[in-house]
Amino acid sequence: MELDEQKYLYLLFLLPVVVALFLINLYWKRKKQREFGDLELLKRLSPERSIFKPILKLTVMLLALAALVIGLVNPKVGTKVETVKREGIDIVFAMDVSKSMLAEDVAPSRLDKSKQIVSQIINQLGSDRIGIVVYAGSAFPVLPITTDYSVAKMFLQSVGPEMVSSQGTSLDEAIKLSATYFAEKSKTSKLLIMISDGEDHSEGAEAAAEEAKKLGMKIITIGLGTEKGGTIPLKRNGVVESYQRDNSGEVVITKLNEKSLATIAKITGGGYVNGNNTKETLEYIKSALDKIQKTEFEATEMAGFQSQFQWFLGIGFVLLFLDIFFLERKTRWVKKLNLFNENK
């Protein structure tokens, strides 16, 4: 089931407000009745007044409001799960989340720029399967291979330096972890898109790329940063408090290392592109994807999602209509049954 307009769920908070107003009104009425007369005498003077009916009216109104809110949310139910044939490739995005990616020599920052690029690449995809890996001094899996692009984008927004405890830029760890995402015997084309500033890369990156080539993987690297470099701001609540410093107390200047990224890509027959210009980067990736052979694979999907809002809106309006005819006096046939012990 999917919820089309989840923002309207907040309206459900109106239900306890309505209950609170009902109780406050009930308390106020009782208080005034005590001030102007005896409660038992007032009960005898209005024998037709029901204690149960106001509660019934409140319940019906609450159910009506809840139904209307759910109708606005528009729940969608999949009619069936089916396995469909899709044609594409398997793509893993390996994103550098080391502190150097916080540098703002590329606006808004290297890391935010990388998120934008990955998100827009996903927008260009059709039937490909994708996964996400993050890395710094070590690599960490974020999202396994999937065809659900909306889930991928949701996980993408949570990517940050805090996900990996050890610092550095361990490209070899990222390549090795990404390789585990691909099925060894699968004939589907395997592509790894690495995004990094290439700084402080580990010595085993070239060897890891050689192993990736043997597995049939192709690597495209995207470099972010400038040759001039930039400082690494340390922020709290969006405000810069200081800048990253080295062991000698000097402010760190982090620079783009294109050479290491280009070397890794070349080993696997892939390519390197400078990611500072988003448009050129997307054009390069699109051209590269068009050249990679697509293969057919099976994917399980929930098919035939249908909106169900009309049922809830209908129930809500019917309940509101019924509420109009619920009077606060006792119903005659219910009165005879004396279910609530009101006839004394």
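Residues numbered from 1 in each chain as written. Predicted model: local features only at pLDDT ≥ 70, side-chain atom pairs only at ≥ 80, totals over all residues. Heavy atoms only, no water.

1. Notes on the pattern of salt bridges
To be explicit about the condition: Take a side-chain nitrogen of Lys or Arg and a carboxyl oxygen of Asp or Glu: if they are within 4 Å of each other, that pair is a salt bridge. Counting from the N terminus, the helices are DSSP H or I runs at least four residues long and the strands are E runs at least two residues long. Think of it in three bands: with a 1.4 Å probe and only protein chains considered, a residue is buried below 20% of the maximum accessible area for its type, exposed above 50%, and partly exposed in between.
Under the criterion given, the structure shown has seven salt bridges. We note a salt bridge from Arg129 to Asp90, for which the minimum N-O separation is 2.7 Å. Residue Arg129 is found in strand 4 (residues 129-135), and its partner Asp90 is found in strand 3 (residues 90-96); the two are separated by 39 residues along the sequence. For the pair Arg129 and Asp90, a shared accessibility class is recorded, and that class is buried. Lys286 is the partner of Asp290 in a salt bridge, and the nearest nitrogen-oxygen pair spans 3.4 Å. Within this pair, Asp290 and its partner Lys286 are both found in helix 9 (residues 278-291), separated by four residues, close to a single helical turn. Overall, Lys286 belongs to the partly exposed group, its relative accessible area being 46%. Ionic contacts of the salt-bridge type, sharing partners, join the residues Asp105, Arg110 and Asp197 into one network.

2. A short note on unusual backbone geometry
Ala107 connects to Pro108 through a cis peptide bond whose omega is -5 degrees. Tracing the chain through its elements places Pro108 in the loop between strand 3 and helix 4 (110-124). In the Ramachandran plot, Asn74 falls in the positive-phi region, its phi being about 60 degrees despite a non-glycine side chain.

3. A closer look at the pairing of strand 5 (residues 139-146)
Walk down a regular strand and you will see the side chains alternate between the two sheet faces. How we decide: Pairs of strands are assigned from DSSP output, requiring at least two bridges between the strands.
Inspection of the sheet shows strand 4 paired to strand 5 by five bridges, in the antiparallel sense. Each residue of the ladder has a partner; that of Ile132, found in strand 5, is Leu143. Taking the residues between adjacent antiparallel strands as the criterion, strand 4 and strand 5 are bridged by three residues.

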